[in-house]
Each structure stands twice: as structure tokens, then as C-alpha cells.
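Chain residues, written in single-letter form:
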There are 2 protein chains.
Amino acid sequence: MTATVDARRTLHVDLGERSYPIHIDTGLIGRADALTPYLAGQQVMVITNETIAPLYLDKLCASLPDDVEVRTLVLPDGEQYKTIEHVSRIWDALLEAGFNRRCTLVALGGGVIGDMVGYAAASYQRGVAFIQVPTTLLSQVDSSVGGKTGVNHPLGKNMIGAFWQPKAVLVDIESLKSLPRRELSAGLAEVVKYGFIRDEAFLSWLETNMSALLDVTPDVIAEAIARSCQIKADIVAEDETEQGVRALLNLGHTFGHAIEAHQGYGNWLHGEAVGTGMAMAATLSKQLGWIDEAMLARSLAVIERAGLPLTAPANMSSEDFLTRMRLDKKNIDAKLRLVLLNSLGDACVSDATPMSVLQALLDDYPRR
Amino acid sequence: MTATVDARRTLHVDLGERSYPIHIDTGLIGRADALTPYLAGQQVMVITNETIAPLYLDKLCASLPDDVEVRTLVLPDGEQYKTIEHVSRIWDALLEAGFNRRCTLVALGGGVIGDMVGYAAASYQRGVAFIQVPTTLLSQVDSSVGGKTGVNHPLGKNMIGAFWQPKAVLVDIESLKSLPRRELSAGLAEVVKYGFIRDEAFLSWLETNMSALLDVTPDVIAEAIARSCQIKADIVAEDETEQGVRALLNLGHTFGHAIEAHQGYGNWLHGEAVGTGMAMAATLSKQLGWIDEAMLARSLAVIERAGLPLTAPANMSSEDFLTRMRLDKKNIDAKLRLVLLNSLGDACVSDATPMSVLQALLDDYPRR
């Protein structure tokens, strides 16, 4: 795998008539030819949050053709606002503007904006077009690819939503320059995950390039995003609605979602919770004898070097974990299903973890 | 076309891997073999309303196997409750019960229950199974077939929703015996509509059998339901997501939705508004010279014989109509699209009605 000085890359997510491109480049926001080819009609609503609006909203709107009716909506920033009430605000704005079935929604922001705008688009007049313009590393490598949209519920994360594919994903890596270091690390959690579940060579490349990634070196970060999106796109193309292999993308997420829900959405970043969740999944894989001590040590090291936490919250008991994990969408009937590591670069879904082993892991796992 | 003494009929809606059967018979609710073949797993939630619950809820639940976990939820009865807030109550109940992705929702009731439960199923954990058990004529011949689900918004009917197909539709025509006469007529509006848009012979058959239909004669009503569902199923199979021919099913609905929204949902029944809407569409078709005076007279007579209103609300101005009609989902960009009659049994979608002709129709149309 080689990194080039050119940051420009294009991938294709292959889903038959729902296929779409992912364009990666510097300076895409504001380029006149970036959004226009993907508009469904003459009505466009750009939805963003209070953090992103002052940085990119005017620039993006100015890039749209003069004959397009452009509206904007600015929502509060944070996972705690990813609710059906905030999606309803999008619907209200669309109806107040008299927008019809051929309108296009543009999601300008991180995963929260992308998930909410995608679900708003899936349900408005039973489905309209939308375009993802993800501005965080996490959303660029994960939530903007694959068509999972939705909102949280007090009893569980992403419990309400739809599978709904965008018309295009535009990744402007310049937007990462304004991203706080903590959120950059949170995004790297998902990048590292792709190495763990599917690609040992990519994991090695990440170990070599971690400093350049944390410095947002354009060609290195573009390569990491492209490689991550390609792995995700391949898996999504195999299994769009998560009947099988797509569940592997949930490595670290069963533990991680439990942490996020227990701590209150927005207190732990999603990627931070996934970082700890992957450390827990690797530790459990070691305790089941699936990976050896050296693999576990390497796993924990790469998570830590990405700037992510390894330890679980001090105020979270084993029962707190189990209560939340029982609500996980992967579970079938009463069985708890976990994504575990056969080795580095090879994950699997298992519902056969003995409860005693899981209980021991949760009881003994380090807290802070 | 002959009516038999046997009310039992089965149709198939052909949508590839989303295909499903429509079973029509007397006494289906409570029959042990009716629901069970279509359950996705061991968790079932039956959702109904306060009117239907005392009549059929226990009977339906008792027909489910002992090893199934059955929950029930009773919502208030009426179009004014078809809101995102009431769909949220379904999601709350599912999460409180710990229901997973392999649960099955059963919609026991009329179109309001069917639309809300279908949308709740489409969005719960990004999509779970549901079964329609429609108990009104309107829902048996219309809303339970074709996968349109959703809720109303203060600014427009069915503005929020999804295309989501049931696993099966079970039509128990015994449930029509408890249906008020006014709601029976409202259901006949859609039955008559199928004759208008696609099948002149069926329209003649309806004219001959209208008294038996209003008396709920089992074999006659079963035949009318089966024929209606078949026409709708054929159209839906051609055009599942309403890109073309499916729009014909909206005959009378552009005017009708405007009446319902203006009068407040629940005051005019949907079928009543569609009855007047079809009378208005027929009158406009006559004024455009597409049908002659005799065809118009025959159209108005069959609507009236079904027990439906021909006149528009006295308190509704032409501008009230136009304001609502501009929000119609069929419209593309700024053009108003209407379903009109080429002749009886042959409808078309047109965006070419001169505004002056439409304005004259609205100004001159009888009110009461």
C-alpha cells in the first residue's frame, strides 16, 4: 500500500440502482461541480449544526447554482440532540418551505447530522434524495457510508431509523483541520476497526503512519479514509441490511453502545466508547483462547496510540453493561451476540460466549 | 364476473422478495392458522385502538401459539391521532418490552392503525416484520395493500412515512358487521375508485350490486374486496414507489386531502373526502371535454348511491383548496398534478390543466 501526494480519490458503493460515489479531496466544500450533479430537483435544504454552520455553511450554499431554491437549517451540536424531536424540526422546515418529493437534503456535519438528515430524507414524503458532506473523520469513514440512518431513544442508541442510501458522499479533508484532536482520535477508532476485522496489512500501515494521521497529513489521511470506506463499502455491498457479514462492523460496538447509553449520550464520544469496546472485545477473545497474548498487546497498543481510552467507566457495573447489551440490535431472541477476533484482521460474530466468561470479563475489566 | 356463496379468496401481491398474500374470509380473526405462519420470531406486539380492542383483541391474541411472547398496545381511535407522537408510543412500548429485530407487529384496526403500525415497523431498529389485520372496508381495499405507511403532519396528510410491505394481510369480513354505515360508505369510495380508474366492467358490477354491498352480503362484499385488492396489487406491482402509474390510485385524493386537512383530520372521513374529490375530478374532466355529460352523470350517481357526499364544505374557499393542493406529494417542482378521467375505467395523470379552468371549477363547485 502506497500513499501518494495527491489527496483525490473516488470510490463506488455498489448497490444496484442505489449505487453511489464517494469523492475524497481537499477543498470539495465550495467547489461548484461537487454537489450539483447529485441534486434531484430545484429545491435544496442544507442541514448543519451550530459548530459547523459558521465554518462552512455559506461556502457550501454559494457553490449551488442560481436557479436552485436553497434553504438552511441549523440544529444544536451533539449526540444528545440525535432524537426524533430534532428530526421533526427538519420535517417542519421542509413542509413550511413547501418542499416536494424531488427536493434534496444536504447533511453538512458529523455523524449526528448525517444520521438525522438521512432518516429525515428516508421518511419525508416516504423518501427523498440526500447527499452526505461529512466534516468529521468518524463520519467520513463510517456513518456516511452504508445507508444506516436514524436517531437514539432513551432506551437505546440508533433504535429508530431506516436503511436509506445517499446520492453521493463528498469528503473534504480540509474540514479535518478544524476538528478537535479528541474527535480525530474518535474517528481513528473506526479506522483501526477496519484493520482489526478485515485487513491485517492495513492495521500494520496504520501502526506505521499513526503520527502522520494524528497530524492530519493530507495524503496519509486521504489514504486512510479511502481504505476505510472501501472496506466498509465492500461489506455493505455484500450485506446491505445486516443479515450477516455486516455485523462485523460492530466490533467493539456492543460494549461501546452500553458505555455511551449508560454515561449519557455526548459525554463519551462514540469513537472513544468503541475504542474501549474494542479493547474489551480483544481481551475477551484472548480469554476465550482465540488470540494470543502478543496479539492482545498489539491490539491494545494501536488503540492507545490512536489516542483512545482502554479502560471502562468507574461508575459502570457488570450489570449495567449486561442490561444495555441485552438490548443490542444484533441479538436474536434471547441470545447475546458479540463480534470477536479470530486473529488480527479476522473477526467473527458469535453467540456462544459462556455467560460465566463474559461475567468474569466484565467483573475484572479495569475501570477508571 | 360472478359472485359465489363462498367468501374465501387469496390474492398475491407480487413484489419479488417482498411479495405477500392477502387472505380474505369470514372468521379469520381467532383462527389459529391465520397469523402464525407469518411471524418472524417469538415476540409479537398487537397494536389496536380503543374501539376495536373490546371487539377483537382477546380473540386475536388467543389464536397465537403458547410459546410466543405477546404484548398489546391500545391507542386512541381517529385520524387526528395519526401522528409521530403516537408512533413514538409504539416504539416506547417495543423498547420497554425489550423487543428485538425479529419481533412482529400486528396492526389490528382501520387505516390509521395500519399506517401507524406499518411506519413504526419500518423504523423500529431500521425495519421489522408486520402483519395487517384490517377491520374497516377502507383499510381492507386500500391502505392495507401496497406498503404505504406513515403519519400526518399539521401541514399535510401522510407527509411522513415509508414504503414498507407487510408479511401478510388478513381480511376478516365478519369485522365489517360491526362497522358503522358511514364508514362502510367511506370504504366504498375506494372500491368505486378502482372501477373509475381501471375497470369499467367492475364499475357496472358495483352499480348492480350496490344494495348488497351496503347490506354487507358476505359473498358480494368479499368479491368487491378481492377485485379491489387485485387492481391495487397489479398497480403496486407495476410501480411500487409511485414513479408513474401508481399515481392513478390518487383519483379524487388531491381535492380530498385538501378537504380533510382544511376541515381537520377526523371530521370528514377520508372516504367521504375522496367521494367529493372524485366528483370534483369527474366534473373537471367534463369541463376539459374529456368525458361527456352522460359519463359525468353516471359518475356522480354511483358516488351518491354509495352513500357519499358530492358537495364541498361551505367554509372552504377556492384559495383554501389551492393552498393545500400545492403541497400534494404528486406535484413535481411547481406544477400541480391531477388524476383525471379519459373515460369511465380509464384515468390519467395530468399537469396541464389550465389554472383558469381549475380556478373556475373551484369557484363554481357546489358547497353545502
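Residues numbered from 1 in each chain as written. Chains lettered and ligands numbered in written order. Predicted model: local features only at pLDDT ≥ 70, side-chain atom pairs only at ≥ 80, totals over all residues. Heavy atoms only, no water.

What follows is about the UniProt feature "binding site: Zn(2+)" (unreviewed entry) in chain A. All names here are of chain A. When the UniProt feature table is mapped onto this chain, "binding site: Zn(2+)" (unreviewed entry) is found at Glu190, His253 and His270. Spanning 81 residues, the named residues form one tight spatial group whose C-alpha atoms are at most 10.1 Å apart. Inspection of the secondary structure assignment puts Glu190 in helix α6 (residues 181–198). For Glu190, a relative accessible area of 0% corresponds to the buried category. Each residue touching Glu190, except ones within four places of it in the same chain, is listed here: Leu138, Val141, Asp142, His253, His270 and Val274. Relative to the assigned elements, His270 resides in helix α10 (residues 270–287). With a relative accessible area of 14%, His270 lands in the buried category. Once residues within four sequence positions are removed from consideration, His270 is found in contact with Leu138, Lys157, Glu190, His253, His257 and Glu260. (UniProt positions renumbered as here; feature names shortened; annotations may be inferred. Helix = DSSP H or I, 4+ residues; strand = E, 2+ residues; numbered from the N terminus. Buried < 20%, exposed > 50% of the residue type's maximum accessible area, 1.4 Å probe, protein only. Contact = heavy atoms within 4.5 Å.)

All names here are of chain A. For the structure shown, the criterion picks out five aromatic pairs over all chains. With 6.2 Å between their ring centres and 55° between their planes, Trp91 and Tyr119 make a pair best called tilted. Separated by 28 residues along the polypeptide, Trp91 in helix α3 (residues 84–96) and Tyr119 in helix α4 (residues 111–123) bring together distant segments of the chain. You'll find Trp91 and Tyr119 in the same group, each marked buried. Taken together, a centroid distance of 6.0 Å and an interplanar angle of 20° make the contact between Phe202 and Trp205 stacked. Taken as a pair, Phe202 and Trp205 lie in helix α7 (residues 200–214) at a separation of three residues, close to a single helical turn. For the pair Phe202 and Trp205, one class covers both residues: buried. Positioned above the aromatic ring of Tyr194, the side-chain terminus of Lys193 is 4.9 Å from the ring centre. (Phe/Tyr/Trp six-rings, centres within 6.5 Å; stacked < 30°, edge-to-face > 60°. Lys NZ or Arg CZ within 6 Å of the ring centre and 35° of its normal.)

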